[in-house]
There are 2 protein chains.
Amino acid sequence: MANELLHLKFDHVFDSDLINEIDKIGVIRTFSKNDIIIDINQPLQYIPLLLSGHIKILREDSDGNELLIYFLEAGETCTMSLTCCMGTSKSKIRAVAEMDSSLIMIPVQNMQSWFHNNEGWRNFILESYQTRFDEMLEAIDNLAFMKMDERLYKYLINKVKLHTSKTIIAKHQDIAEDLHTSRVVISRLLKQFENEKKIKLSRNKIEVL
Amino acid sequence: MANELLHLKFDHVFDSDLINEIDKIGVIRTFSKNDIIIDINQPLQYIPLLLSGHIKILREDSDGNELLIYFLEAGETCTMSLTCCMGTSKSKIRAVAEMDSSLIMIPVQNMQSWFHNNEGWRNFILESYQTRFDEMLEAIDNLAFMKMDERLYKYLINKVKLHTSKTIIAKHQDIAEDLHTSRVVISRLLKQFENEKKIKLSRNKIEVL
DNA sequence: TTTAATAAGTAACATTTATTACAAAACTTC
DNA sequence: GAAGTTTTGTAATAAATGTTACTTATTAAA
C-alpha cells in the first residue's frame, strides 16, 4: 500500500475502495513549521486531508491583524476548503503549519461524485462540518464571554493537549498574535500565572504545571 | 397546491417532486415575535425551512449572557439543526423569532434519504453550510477586530437591510443584549451617533439617516 | 389627570485592555 | 568574552468598556 499514514488515519473512516482511490489520485504535500498552506483569497482546487501534524486556521482583518480560530489535527479536513470548492470561491482563511505536517490533496471533481455515491465520504464531510461548527461557536464564546486571562489560559491548556506535552515552545509575541492582542499584555498575564504557580516561564518556553 | 409560501420561497431551489413531498410530510408551525423556536440543549428531530419572517440565532454562556450570531431569513434553513440531527445531539444555540414567522418542519428520516437521492437538496444543504460558515466568520471578525461603536453601527445597518426600513423598533436594552454589552454603553454610543447626524433617536425607535 | 412604570440620558468611577518606552536578561555571532 | 540581537519584564499612561447611581422623559394605567 502506497501510503501508510492514509491507512492509519482514515481506514476506519472510508471503505477500502475509497481509500485506494484516494491513494491513487491524491497528491501528497509536506509542509514545514510556519509554512503557509493556503492563504486568504487564494483559489482552492483541492480538498486536503491531514495525514500528520497540526494546522492553524487563522482569520485576518484588513489591517493585517490575525486571530487563531482553531487547529486541525491528523485525520481531519478543512471544511472551509469544501465550501470554497463547491462555490469555486476563494479562501477566507489562512492555514499555517503549526509543526511539520503532511497532507493528501484531492481534486474537487472526484469528491463531488463521492459525495453522491459514497456514504462514508458523505458522513465524514457532514461530521467535519459539525466539528468545525462547534469550534467556531467556541471561538465566538471565547471572544464574546471570556476575558484575556481566561482566553490565554485556555490557549495554553489547548496547546498542552494538542502536543501531549506540558512544555510549550513559543514566544510571547506568537501567542499575542494568535489571540489578537499585544505582547505586553501576554507577558503581563503569563507573569501573573507564574506568580499563581500555574506555569513556569523561561525564554521561548512555558511549562504548564 | 397546499402551501403558497413553500412554492414562493423554494420552487427555484428544489424540483417539483421534492417540493410536493415537503408539502406532504412537512408540518407548518407559526411563531410570534420573541417566541423561542428552539432553545439551548433542546433535542432536535426536525429540519426547519423558514417560510416567512426572521429568526435570530443566539449563543448563551453559563451566566446567561447572550450574543446574537446571525439572522435567518425566509428561504433559509438552520444548519445547526442539520448537524444536531445528524449527530442526534442537542441544540447549541437558541433560535428566537425576531418577528412573526412561519416554518415548515421536516422529520430527519426523510431528509437523510433526500441527501442521498436528490441533488437539489444536497446543494441546498451545502450552500446553507457555506452561508452559515461565512456568517460565523463575520461574527468572529466583529468580535475580534471591531470596537463596540463599529459593531453597533453594523448592527443597525443590518437591521435596516433586513426589514427594508430606515426605522428600527427596539429599545436600547434589547440591542445591548444582542451585542452582549450593557444598556448604558449602547445609549452612550447611540447618542454619539445622533450627534454625528447618523441616526435620530426616540423612545423605542431609531431612525437611520 | 395624577400616578406608576418603563425607557433613556448622563455623570462619576472602576476595570480591562492597549500603548509607549525603556531596562534587563538570555541567547548568537564573531 | 565582547558586541549585537532577540526576548522578556515592567512602569506609566491612555483608551475603551463596564458599572453604579441617579435624573429626566415618555408612555401606560388607574
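Predicted model, so just to flag it, every value in this text is computed and none were measured. (Residues numbered from 1 in each chain as written. Chains lettered and ligands numbered in written order. Predicted model: local features only at pLDDT ≥ 70, side-chain atom pairs only at ≥ 80, totals over all residues.)

Draft legend 1. Highlighting the nonpolar core. Core analysis: the largest hydrophobic core is formed by 83 residues, its most contacted members being Ile57(A), Ile69(A), Ile140(A), Ile69(B) and Ile140(B). Apart from residues no more than four positions distant in its own chain, Ile69(A) is found in contact with Ile57(A), Leu58(A), Arg59(A), Ile93(A), Met136(A), Ala139(A) and Ile140(B). In terms of nonpolar packing, the next biggest core, distinct from the first, is built from nine residues, Ile175(A), Leu179(A), Leu190(A) and Ile206(A) among them. (Core = buried A, V, L, I, M, F, W, Y, C linked by C-beta atoms within 7 Å. Buried ≥ 20, exposed ≤ 12 C-beta atoms within 10 Å, placed from the backbone. Contact = placed C-beta atoms within 7 Å.)

Draft legend 2. Main features of the UniProt feature "domain: HTH crp-type" (unreviewed entry) in chain A. Mapped onto this numbering, the UniProt entry annotates "domain: HTH crp-type" (unreviewed entry) at residues 146-209 of chain A. Helix makes up 56% of residues 146-209 of chain A and strand 17%, whereas the separation of the span's terminal C-alpha atoms amounts to 22 Å. (UniProt positions renumbered as here; feature names shortened; annotations may be inferred. Helix = DSSP H or I, 4+ residues; strand = E, 2+ residues; numbered from the N terminus.)

Draft legend 3. Molecular detail of the interface of chain A and chain B. Between chain A and chain B, the contact holds 23 residues from the first and 23 residues from the second. Those elements that provide at least two residues to the side of chain A that touches chain B are strand E5 (66-73), helix H3 (79-86) and helix H5 (119-145) of chain A. When residues of the side of chain A that touches chain B are assigned to their parent elements, the largest contribution, twelve residues, is made by H5(A). In the side of chain A that touches chain B, the residues fall into 14 nonpolar, five polar and four charged. (Nonpolar A, V, L, I, M, F, W, Y, C, P; charged D, E, K, R; others polar.)

Draft legend 4. Seen up close, the protein's contact with DNA strand D. As a structural note, the neighbourhood of DNA strand D is formed by 20 residues, with Lys171(A), Lys147(B), Met148(B), Thr181(B) and Val184(B) the closest of them. Counting only elements with at least two residues in the surface near DNA strand D, the list comes to helix H7 (172-178) and helix H8 (183-195) of chain A together with helix H6 (148-163) and helix H8 (183-195) of chain B. Among the elements that take part in the surface near DNA strand D, H8(A) stands out by supplying six residues, more than any other. Residues belonging to the surface near DNA strand D are distributed by class as follows: six nonpolar, six polar and eight charged. (Near = placed C-beta within 6 Å.)

Draft legend 5. Summary view of the sheet that holds strand E4 (residues 54-60) of chain A. Residue and element names in this part refer to chain A. A sheet is described by the order of its strands in space; here four strands give the open sequence E2-E6-E4-E5, paired in antiparallel fashion. Sheet topology places strand E2 (36-38) and E5 at the edges, where each strand pairs with a single neighbour. Here the strands of the sheet are splayed against their neighbours by 35° on average, with no regard to which way each runs. Relative to strand E6 (residues 94-97), E2 runs antiparallel, the two being bridged by two bridges. Within the sheet, the bridge partner assigned to Ile-38 lies in E6 and is Ala-95. (Pairing = 2+ DSSP bridges. Axes fitted to C-alpha atoms, helices over the stretch in contact; angles between N-to-C directions.)

Draft legend 6. Structural view of the relation of the copies chain A and chain B. Between chain A and chain B, which share one sequence, the superposing operator has a rotation angle of 180° and an axial displacement of 0.0 Å; the RMSD is 0.0 Å. Here the symmetry operator amounts to a two-fold rotation axis. An overlap of 100% is found between the interface residues of chain A and their copies at the interface of chain B, pointing to a shared contact surface. (Least-squares fit on C-alpha atoms with pLDDT ≥ 70 in both.)

Draft legend 7. Here's a closer look at the domain arrangement of chain A. All names here are of chain A. Annotation of chain A at the domain level lists domain 1 (4-144) and domain 2 (147-208). The centre of domain 1, based on its C-alpha atoms, is set 27 Å off from the matching centre of domain 2. Taken together, the contacts link seven residues of domain 1 with six residues of domain 2. At four residues, the largest contribution of residues to the side of domain 1 that touches domain 2 is made by E5. Here the residues of the side of domain 1 that touches domain 2 sort into three nonpolar, three polar and one charged. (Domains from an automatic or database assignment.)

Draft legend 8. Quick peek at the sheet that holds strand E10 (residues 205-208) of chain B. All names here are of chain B. Pairing is antiparallel in the open sheet, where three strands are placed in the order E8-E10-E9. Each end of this open sheet is capped by a strand with a single partner; those strands are strand E8 (167-169) and strand E9 (199-202). Taking each pair of neighbouring strands and ignoring which way they run, the sheet shows an average axis angle of 20°. Pairing between E8 and E10: three bridges, direction antiparallel. Each bridged residue has a counterpart across the sheet, and for Ile-169 the counterpart in E10 is Lys-205. Sheet strands touched by H8: E9 and E10. Its angle to E9, the strand with the most contacts, is close to 130°.

Draft legend 9. Expanded view of the pairing of strand E7 (residues 101-107) of chain A. Residues and elements named next belong to chain A. Where strand E1 (residues 27-31) meets E7, five bridges bridge the pair, whose relative direction is antiparallel. Residue pairing across strands places Ile-28 opposite Ile-104, the latter belonging to E7. With six bridges joining them, strand E3 (residues 46-52) and E7 adopt antiparallel strand pairing. Across the sheet, residue Ile-47 finds its bridge partner in E7, namely Ile-106.

Draft legend 10. Fine view of the packing of helix H6 (residues 148-163) of chain A against H8(A). Residue and element names in this part refer to chain A. Relative to each other, H6 and H8 sit at 75°, their axes nearing to 10 Å. With respect to H8, the axis of H6 lies roughly perpendicular. Facing Met-148, Asp-149 and Leu-152 of H6, the residues of H8 in contact are Val-185, Ile-186 and Leu-189. Of the residues belonging to the contact of H6 with H8, the class tally is five nonpolar, no polar and one charged. (Parallel < 35°, antiparallel > 145°, perpendicular 65-115°, else oblique.)

Draft legend 11. Here's a closer look at the protein's contact with DNA strand C. In the neighbourhood of DNA strand C, 19 residues make up the surrounding shell, with Lys147(A), Thr181(A), Val184(A), Lys171(B) and His172(B) lying closest. Of all the secondary-structure elements, those providing two or more residues to the surface near DNA strand C are H6 and H8 of chain A together with helix H7 (172-178) and H8 of chain B. Among the elements that take part in the surface near DNA strand C, H8(B) stands out by supplying five residues, more than any other. Among the residues forming the surface near DNA strand C, the class breakdown is six nonpolar, six polar and seven charged.

Draft legend 12. Local environment of the packing of H5(A) against helix H5 (residues 119-145) of chain B. The interhelical angle for the contact between H5(A) and H5(B), taken along N-to-C directions, is 20°, at an axis separation of 9 Å. In terms of their interaxial angle, H5(A) and H5(B) are classed as roughly parallel. When the axes of H5(A) and H5(B) are compared, the crossing they make is left-handed. Where H5(A) abuts H5(B), its residues Tyr129(A), Met136(A), Ala139(A), Ile140(A), Leu143(A) and Ala144(A) lie against Tyr129(B), Met136(B), Ala139(B), Ile140(B), Leu143(B) and Ala144(B). Class assignment of the residues belonging to the contact of H5(A) with H5(B) gives a composition of twelve nonpolar, no polar and no charged. (Left-handed = near helix turned anticlockwise from the far one by under 90°.)

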